[in-house]
Amino acid sequence: NVSYNCVDRHVEAGNGDRVAIHWEGEPLGDARDITYAELKDEVCRAANALTDLGLVAGDRVAIYMPMVPEAIVAMLACARLGVMHSVVFAGFSASALRARVEDAEAKMVITTDGQYRRGSAVSLKDAVDEAVAAQPSIKHVLVVRRTGIDVSWTDGRDLWWDETVANASADHTPEAFGSEQPLFLLYASGTTGKPKGIMHTSGGYLTQ
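Along each chain, numbering runs from 1 in the same order as the chain's sequence is written. Given that the model is predicted, a residue must reach a pLDDT of at least 70 before its local features are reported, and side-chain atom pairs must reach 80 or more before they are shown or counted; all residues, however, enter totals for whole chains, interfaces and linings. Heavy atoms throughout the structure, all of them, feed into the side-chain values; hydrogens and water do not.

A.B. asks: So what's going on with the packing of aromatic side chains? Residues and values would help.
C.D. replies: Each Phe, Tyr or Trp ring, with Trp reduced to its six-membered ring, pairs with another whose centre is within 6.5 Å; inter-plane angles below 30 degrees give stacked pairs, above 60 give edge-to-face pairs, and intermediate values give tilted ones. One pass over the full model with this rule turns up three aromatic pairs. Pairing Phe89 with Phe92 gives two aromatic rings, centres 5.4 Å apart and planes at 85°, and the pair type is edge-to-face. Buried means the residue's accessible area, taken with a 1.4 Å probe over protein chains only, is under 20% of the maximum for its type, while exposed means over 50%, and partly exposed covers the values in between. Residue Phe89 is classed as exposed on the basis of its relative accessible area, which comes to 54%. Taking NZ or CZ as reference, Arg145 lies 4.0 Å from the ring centre of Trp160, over its face. Geometrically, a lysine NZ or arginine CZ counts as sitting over a ring once it is within 6 Å of the ring centre and also within 35 degrees of the ring normal.

A.B. asks: I'd love a proper account of a negative patch on the surface, names of residues and values included.
C.D. replies: Within the patch definition used here, like charges are joined within 9 Å and nonpolar side chains (Val, Leu, Ile, Met, Phe, Trp, Tyr) within 5 Å, considering only residues with over 30% relative accessible area and no salt bridge. Methods summary: accessible areas were calculated by the Shrake-Rupley approach with a probe of 1.4 Å, and residue burial reflects only the protein chains presented. Think of a salt bridge as a Lys or Arg side-chain nitrogen and an Asp or Glu carboxyl oxygen that are within 4 Å of each other. By the counting rule applied here, Lys and Arg register as positive and Asp and Glu as negative, while His and the ends of each chain are not counted. Here the site of a charge means atom NZ of a Lys, CZ of an Arg, CG of an Asp or CD of a Glu. Taken together, Asp17, Glu24, Asp33 and Glu38 make up a surface patch of like negative charges. Helix and strand labels come from DSSP, where a helix needs a run of H or I of at least four residues and a strand needs a run of E of at least two; each type is numbered from the N terminus. Here Glu24 shows up in strand β1 (residues 19-24). On the accessibility criterion, Glu24 (53% relative accessible area) is exposed.

A.B. asks: Quick rundown of helix α3 (residues 69-81)? Include the residues and the values.
C.D. replies: Between its first and last C-alpha atoms α3 spans 19 Å; for 13 residues at 1.5 Å apiece the expected length is 18 Å, and the two agree. Of all 13 residues in α3, eleven are buried; the element is thus mostly enclosed. Just beyond α3, the residue with positive phi is Gly82, at close to 75°. Here the expected length of a helix is defined as 1.5 Å per residue gap, with one fewer gap than residues.

A.B. asks: Describe the nonpolar core, listing the residues and the values that go with them.
C.D. replies: One finds Leu39, Leu50, Val61, Ile110 and Trp161 to be the most contacted residues of the largest nonpolar core, which totals 30 residues. Within the residue set of this core, elements represented by two or more residues are β1, α2 (36-52), β3 (60-64), α3, β5 (108-112) and β8 (140-144). At seven residues, α3 tops the list of elements feeding residues into this core. Ala106, Val132, Val143 and Trp160 belong to the second largest nonpolar core, which has 19 residues in total. Nonpolar cores are built from buried Ala, Val, Leu, Ile, Met, Phe, Trp, Tyr and Cys residues. Side-chain atoms within 4.5 Å join them into one set.

A.B. asks: Describe the side chain of Thr35, and please don't skip the residues or the numbers.
C.D. replies: As for its placement among the helices and strands, Thr35 is situated in strand β2 (residues 31-35). Among residues more than four places away in sequence, those in contact with Thr35 are Gly16, Asp17, Arg18, Val19 and Ala20. Note on definitions: a residue-residue contact is assigned when non-hydrogen atoms from the two residues lie within 4.5 Å.

A.B. asks: Mind laying out unusual backbone geometry, listing which residues take part and the relevant values?
C.D. replies: With an omega dihedral of 0°, the bond running from Glu26 to Pro27 counts as a cis peptide bond. Summarising the element assignment, Pro27 is placed in the loop between β1 and β2. Even without a glycine there, the phi angle at Glu105 is positive, about 50°. Within the secondary structure, Glu105 sits in the loop between α4 (94-104) and β5. Backbone geometry places Arg118, a non-glycine residue, at a positive phi of 50°. Here Arg118 shows up in the loop between β6 (114-117) and β7 (120-123).

A.B. asks: Account for the pattern of salt bridges, with residues named and values stated.
C.D. replies: Using the criterion set out here, one finds 14 salt bridges in the structure. The partner of Asp8 in a salt bridge is Arg80, and the shortest N-O contact between them spans 2.7 Å. With Asp8 in helix α1 (residues 2-15) and Arg80 in helix α3, this pair connects stretches of sequence that are 72 residues apart. Across the salt bridge formed by Lys194 and Asp103, the nearest N and O atoms sit 3.9 Å from each other. On the criterion of sequence distance, the pair formed by Lys194 in the loop between β10 (182-187) and β11 (197-201) and Asp103 in helix α4 is long-range, its members being 91 residues apart. With relative accessibility at 36%, the residue Asp103 sits in the partly exposed group. Salt bridges sharing common partners tie together Lys125, Asp129, Arg157 and Asp158.

These figures capture arrangement, not role.
Take a look at the structure:
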């Protein structure tokens, strides 16, 4: 289990108080230090929340986020469940996101309300709404509050991260998977044709 190898084992080795992520955000002064113990709790909550939303090993999730700690938590939570994640660069267009969601038959998109560009807040959720419209595979859009800007909302499909993940239990026992368990999908740029998904497996990635 990739998540166990990245997080749990360090806590079990007595390093829970060491900083796992030192994050410097925007605007200036927006910073967080997250210890391994704190990261483990957050990943476990996210894993439980994703399970409650119906995700099981083998499902696919698209992660369309700026560089925020929740992006790492989302990746590790997916890995913990054997759910394949596909990180889509937050600068890509709605059509680029749509192509990847459609190809992966993703059940969920995890995103933020927006992101900061040159000091100004710009929406990400609008692009997600456009990308997942008429996508039958998508069941939920999980949204992290990043900028506080107003976003359009689809009841039943859209969920706030802080209202969903924060209420989940921090207790989660990870399942062991075979070395060939799919870990993530990484798509080619699509500049010369339809984006091609490259699948990375758990054992190979950990070894690398």
